[in-house]
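Architecture and fold: a report
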Amino acid sequence: MSFGVKRHPALVAAHYSALIFLAVVCVAPIVLMFATSLKVQTQIFTTGIHFIFAPTLQNYRDVLGEGSFQRYLTNSLIVGVVSTVITLVLGCMAAYGLARFRFPGRKSVAYISLLLRTVPLAVLAVPVFMIWSQFGLINSLWGLILLYVAVNLPFTIWLLYGFILQVPQELEEAAAIDGCGPIKVFYKVVLPLIKPGIAAASIFTFRIAWNEFILALVLTDRATRTLPVAASLYITDIGVDWGKIMALGSLIAIPPLIFTFVAARQIITGLTAGAVKG
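For clarity, every value in this text was computed on a predicted model and none was experimentally measured.

1. Re the packing of helix H4 (residues 68–100) against helix H10 (residues 195–211)
Contact geometry of H4 with H10 gives a least axis separation of 9 Å together with a crossing angle of 145 degrees. Considering the relative orientation of H4 and H10, their crossing is right-handed. Taken together, the residues of H10 that come into contact with H4 (itself represented by Leu73, Ser76, Leu77, Val79, Gly80, Val81, Ser83, Thr84, Thr87, Leu88 and Cys92) are Ile198, Ala201, Ser202, Thr205, Phe206, Ala209 and Trp210. Each residue belonging to the contact of H4 with H10 can be placed in one class, and the counts come to 11 nonpolar, seven polar and no charged.

In C-alpha cells form, the structure reads like this:
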C-alpha cells in the first residue's frame, strides 16, 4: 500500500529538469577539462567548444615525464593524509569533550570554533607567513600540515559534536558499568557509532588540504610544492599551456574522487547499520 502524495506532473517535470540542469552545471567543467587535456594547443585555441577532435595523450606524457611530478605528488599525499589524520584525532577528542563534559563557556567555544572557519584562507596568508617565519616553518611540509589542521579543525569539531550528541549516553554508562574506562568507552563505544561523521569530516578535510592553492603558494618552495601550486608553473611570460594545466588538473582530481568514494561507503554503512527491518 502506498501512502505517498501524488504530485502534479508539471511539478515532477520541473523537479527533474532542475536536477538535470544542476547535474550538467556540475559535470560540464569536469568534462571540458578532460576534453581540453586531450587536445594540442592549436585545437584548444580554435574558436568555440568542440568535442569532435583527434585526441592525444601528449599532455599527460609531458606532465608525467617531468621529474618533479613525483615529488609534488608525494608532497600533496603527505600533506593531505597527515593533516587529515591529525585533524580527525584532535577533532574527535575535542568534540567529545564539548558534548559530554560540562564547563563554563562550553557552548560559546562550540560556536566560536565554527565562526573561525568562516575566515577566508587568503586573509591568513600574510599573518601566517610572518608567524611561521619566526618558527622556521616556511618552506616545510610540517608548516603546511599544521596550518591545514588549524583551518579544518573548527568545522571538524562542529560536525562531530552533532554526531556525538546523537549517541545515547546510556550506552556509555552501560560500558562503564561493565568496567570500561573513559578512554575505552570513547574508542570502543562512541567512535564506531560516529563513523558516518568521521567519514564526512575526512572527506571535507582531505579535499581542503589537497586542493588548497593560495597558502601553499605562499608557504612552499621548489622542494615542498604541492600539485595545485605545480599547475601554476605552466603559466609563464610567453603564454599559458592550457593542455598541460588541464592534464595535471585531471590527475589532481583523481585522488580526492577515490578518497570520497571510499569514505562515502563508510557513511552509507554507518547510516544503514541501525536501520530497522520490518
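2. Considering the packing of aromatic side chains
Inspection of the entire model under this criterion finds six aromatic pairs. Judged by centre distance (5.6 Å) and plane angle (20 degrees), the rings of Phe206 and Trp210 are stacked. Taken together, the residues Phe206 and Trp210, both in helix H10 and four residues apart, mark about one turn of the helix.

3. Let's talk about the confidence of the model for the chain
When pLDDT is averaged across the chain, the result is 84; 91% of the residues are at 70 or more. Confidence drops under pLDDT 50 across residues 273–278; counting only partners more than four residues distant or on other chains, this segment forms zero contacts.

4. Focus: unusual backbone geometry
Phi at Asn139 is positive, roughly 60 degrees, even though this residue is not glycine. Along the chain, Asn139 falls in the loop between helix H6 (121–134) and helix H7 (141–165). Overall, Asn139 belongs to the partly exposed group, its relative accessible area being 34%.

5. As for the pattern of salt bridges
For the coordinates displayed, the defined rule picks out two salt bridges. Across the salt bridge formed by Arg100 and Glu172, the nearest N and O atoms sit 2.7 Å from each other. Of this pair, Arg100 sits in helix H4 while Glu172 sits in helix H8 (residues 169–177); the two residues are 72 residues apart in sequence, bridging distant segments of the chain. Just as Arg100 is buried, Glu172 falls in that class too.

6. Observations regarding the nonpolar core
Side chains of a nonpolar character, in soluble globular proteins, are inclined to be buried together. Judged by nonpolar contacts, the single largest core of 22 residues is most densely connected at Ile164, Ile194 and Ile198. Secondary-structure elements contributing two or more residues to this core are H4, H7, helix H9 (182–193) and H10. No other element matches H4, which puts six residues into this core. Sequence-distant contacts of Ile194, that is, excluding residues within four places in its chain, are made with Phe163, Ile164 and Val167. Within the second largest apolar cluster, 18 residues are counted, among which are Val79, Trp132, Leu215 and Ala216.

7. Some words on the packing of H7 against H10
Between H7 and H10, the least distance of the axes is 10 Å, while the angle of their chain directions is 160 degrees. Overall, the two elements H7 and H10 adopt an arrangement that is roughly antiparallel. Considering only the axes of H7 and H10, their crossing is right-handed. Contact with H7, carried on its side by Tyr148, Asn152, Phe155, Thr156, Leu159, Leu160 and Phe163, involves Pro196, Gly197, Ile198, Ala200, Ala201, Phe204, Thr205, Ile208 and Ala209 of H10 and no other residues of that element. Tallied by class, the residues present in the contact of H7 with H10 amount to 12 nonpolar, four polar and no charged.

8. Some words on the environment of His8
Turning to its location among the elements, His8 is positioned in the segment before helix H1 (9–37). In the structure, His8 is positioned 149 residues away from Ile157 in sequence and 43 Å away in space, judged by C-alpha atoms.

9. Considerations on H9
For H9, spanning 12 residues, the distance from its first C-alpha to its last is 16 Å, which sits close to the expected 16 Å at 1.5 Å a residue. Burial in H9 covers these residues: Val185, Phe186, Val189, Val190 and Leu191. The elements touched by buried residues of H9 are H4, H7, H8 and H10.

What counts, and where the lines are drawn
- All residue numbers here refer to positions counted from 1 along the written sequence of the relevant chain.
- Local features are withheld for residues below a pLDDT of 70 in this predicted model, meaning they are given only at 70 or higher, and side-chain atom pairs are given and counted only at 80 or more; totals for whole chains, interfaces and linings count all residues.
- Heavy atoms throughout the structure, all of them, feed into the side-chain values; hydrogens and water do not.
- In this description, a line fitted to the C-alpha atoms serves as the axis of each element, helices being fitted only across the stretch in contact, and the angle between N-to-C directions of two axes falls anywhere from 0 to 180 degrees.
- The numbering of helices and of strands both runs from the N terminus, where a helix is a DSSP run of H or I of at least 4 residues and a strand a run of E of at least 2.
- We call a crossing left-handed when the near helix sits turned anticlockwise from the far one by less than a right angle, and right-handed when that turn is clockwise.
- Any two residues whose heavy atoms approach within 4.5 Å are treated as being in contact.
- Ten residue types, Ala, Val, Leu, Ile, Met, Phe, Trp, Tyr, Cys and Pro, are classed as nonpolar, four, Asp, Glu, Lys and Arg, as charged, and the remainder, Gly among them, as polar.
- Only Phe, Tyr and Trp rings take part, Trp by its six-membered ring, and two of them pair if their centres are within 6.5 Å. Stacked means planes under 30 degrees apart, edge-to-face means over 60, and tilted covers everything else.
- Per residue, pLDDT captures the predictor's confidence, and it can take any value from 0 to 100.
- Classification of residues uses two cut-offs on accessible area relative to the type maximum, computed with a 1.4 Å probe and protein chains only: under 20% is buried, over 50% is exposed, and between them is partly exposed.
- For salt bridges, the criterion is a side-chain nitrogen of Lys or Arg within 4 Å of an Asp or Glu carboxyl oxygen.
- We call a set of buried residues a nonpolar core when its members are Ala, Val, Leu, Ile, Met, Phe, Trp, Tyr or Cys and they connect through side-chain atoms within 4.5 Å of each other.
- Note on terminology: angles under 35 degrees are roughly parallel, angles over 145 are roughly antiparallel, angles of 65 to 115 are roughly perpendicular, and the others are oblique.
- What a helix is expected to span follows from its residue count: subtract one and scale by 1.5 Å.

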